[in-house]
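# Geometric and topological summary
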Amino acid sequence: MPIYEYRCNQCKREFTRLFLNTREIKNVACKFCSGTNLTRLLSSFAVHQTEESRLSSFDTSKPRGDDFYKDSRNIGLWAKKRTKELGVDLGPQMDEIVERGRTGKILDEYDK
Ligand SMILES: [Zn+2]
């Protein structure tokens, strides 16, 4: 699965896209403003420090107690942070994954 990084020439933000198939590459749009005037960057798998402070200060390596999971927002936050650490943006699929995380199905995979 190719992963490409883009800079949007419209809103000047950068984002990473994971493509599940090569057809999607031709239809990529900015995740922030939906602009299609994009410059593909050469570096892949780069982690940017451009995320909101909540994600930045969130440390996935720290142990998480039961209280952590009582707040379903933390589960989604964790999953998003993990994918961002990997330099992967799953786009709309992320919401699906977060939803699975909040129902507890994804936790087994992440806790290994
Ligand atoms: Zn944009």
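Here, the structure is the one placed above.
In this report, we go over the structure that sits alongside the text. (Residues numbered from 1 in each chain as written. Predicted model: local features only at pLDDT ≥ 70, side-chain atom pairs only at ≥ 80, totals over all residues. Heavy atoms only, no water.)

## Observations regarding the sheet that holds strand β2 (residues 14–18)
With antiparallel pairing, the 3 strands of this open sheet are ordered in space as β2-β1-β3. Among the strands making up the open sheet, the edge pair consists of β2 and β3 (38–41). Put simply, the sheet's adjacent strands are angled 35° from each other on average, direction ignored. Inspection of the sheet shows strand β1 (residues 3–8) paired to β3 by 4 bridges, in the antiparallel sense. When the sheet's bridge partners are listed, Glu5 is paired in β3 with Leu41. (Pairing = 2+ DSSP bridges. Helix = DSSP H or I, 4+ residues; strand = E, 2+ residues; numbered from the N terminus. Axes fitted to C-alpha atoms, helices over the stretch in contact; angles between N-to-C directions.)

## Some thoughts on the packing of aromatic side chains
Per the counting criterion, the structure on display carries 4 aromatic pairs. Summarising the aromatic geometry, the rings of Tyr6 and Phe15 are spaced 5.7 Å apart at their centres and angled 25° between planes, so their arrangement reads as stacked. The same class applies to Tyr6 and to Phe15, which are both buried. Members of the aromatic cluster, connected to one another through ring pairs, are Tyr4, Tyr6, Phe15, Phe19 and Phe32. Cation over ring: Arg40 sits above Tyr4, and NZ or CZ is 3.8 Å from the ring centre. (Phe/Tyr/Trp six-rings, centres within 6.5 Å; stacked < 30°, edge-to-face > 60°. Buried < 20%, exposed > 50% of the residue type's maximum accessible area, 1.4 Å probe, protein only. Lys NZ or Arg CZ within 6 Å of the ring centre and 35° of its normal.)

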